[in-house]
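Examining the three-dimensional arrangement
This is what each chain is made of:
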Amino acid sequence: EVNLQIAAAIAELSSQGYTPALALFHDAQDAYHDRPRRDRDTCANVFDAMESVAKEVFQLPNVTFGSILAHIRKTQALQAEIIDVFEKVNSLRNHKFGHGMTVPFDLSLAEVDFTYLTCIAGILLFVRTKQTVQPSS
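Calculation rules
Residues numbered from 1 in each chain as written. Predicted model: local features only at pLDDT ≥ 70, side-chain atom pairs only at ≥ 80, totals over all residues. Heavy atoms only, no water. Salt bridge = Lys/Arg side-chain N within 4 Å of Asp/Glu carboxyl O. Buried < 20%, exposed > 50% of the residue type's maximum accessible area, 1.4 Å probe, protein only. Helix = DSSP H or I, 4+ residues; strand = E, 2+ residues; numbered from the N terminus. Expected span 1.5 Å × (residues − 1). Arc of directions from axis to C-beta. Contact = heavy atoms within 4.5 Å.

As a further point, take the pattern of salt bridges. Under the counting rule described, the total for this entry stands at 10 salt bridges. In this structure, the salt-bridge partner of Arg38 is Asp34, at a minimum N-O distance of 2.6 Å. Since its relative accessible area comes to 34%, Arg38 is described here as partly exposed. We classify Asp34 as partly exposed; its relative accessible area is 32%. In this structure, the salt-bridge partner of Asp106 is Lys96, at a minimum N-O distance of 2.7 Å. Taken together, the positions of Asp106 in the loop between helix H5 (80-97) and helix H6 (109-129) and Lys96 in helix H5 put the pair 10 residues apart, joining distant regions of the chain. For Asp106, a relative accessible area of 47% puts it in the partly exposed group. Shared partners join several salt bridges into a network, and the residues in it are Asp34, Arg38 and Asp41.

In structure tokens:
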């Protein structure tokens with residue numbers, strides 16, 4: 001169930017000391033539950049939370065999400081197909097709701113749901129991958 005995954009993400013972020021990511025996650029939740037819903041804020045904040053977790057897990061605090069994905073691909077920390085999914089979500093962010101977005105925000109309600117839930121799944125994946133990750137050099 002989706003609510004269980006959301007609760008799991010909150011628990012993981014709370015217990016692992018991901019304070020910045022947890023704050024961004026809560027901002028995303030607030031935007032998602034606002035009426036009217038603030039879809040761009042939802043997407044931007046949940047993606048930023050996922051990116052924050054990935055930076056912490058892979059100990060790459062000053063790089064882009066794309067650079068983290070390149071590192072993950074090089075070290076084979078995740079399956080290539082999973083990395084491909086993250087690359088597509090990163091591209092979506094860059095074009096549709098990130099700081100350098102190239103077009104006005106125009107995701108449908110279902111596309112926002114997809115982005116929100118995909119990034120939550122990414123948070124869980126990265127946090128749970130931490131146990132097997134070797135520090136980067």
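Our next topic: unusual backbone geometry. Of the consecutive residues Arg35 and Pro36, the connecting peptide bond is found in the cis state with omega at 0°. Looking at the secondary structure, you find Pro36 in the loop between helix H2 (19-33) and helix H3 (39-57). Here the phi dihedral of Gln59 falls at roughly 50°; this positive angle occurs in a residue that is not glycine. Assignment of secondary structure puts Gln59 in the loop between H3 and helix H4 (65-75). In this structure, Gln76 takes a positive phi of about 55° despite not being glycine. On the secondary structure map, Gln76 appears in the loop between H4 and H5.

It is worth spelling out the environment of His99 at this point. Topologically, His99 is positioned in the loop between H5 and H6. Overall, His99 belongs to the exposed group, its relative accessible area being 76%. Between the C-alpha atom of His99 and that of Ala44, which follows or precedes it by 55 residues, the distance is 8.6 Å.

Quick look at helix H1 (residues 2-15) now. Counted at 1.5 Å a residue, the expected span for H1 with its 14 residues is 20 Å, and the 20 Å between its end C-alpha atoms agrees. Restricting attention to buried positions, one finds in H1 the residues Ile6, Ala8, Ala9, Glu12 and Leu13. Down the axis, H1 shows its buried residues gathered within 160° of arc, on one side only. Counted as exposed and oriented over 90 degrees from the buried face of H1: Asn3, Leu4 and Ser15. Those residues of H1 hidden inside the fold are in contact with H2, H3 and H6. Remark: Gly17 follows H1 within two positions and exhibits a positive phi of approximately 80°.

Scope: geometric values only; no functional claims are made or implied.
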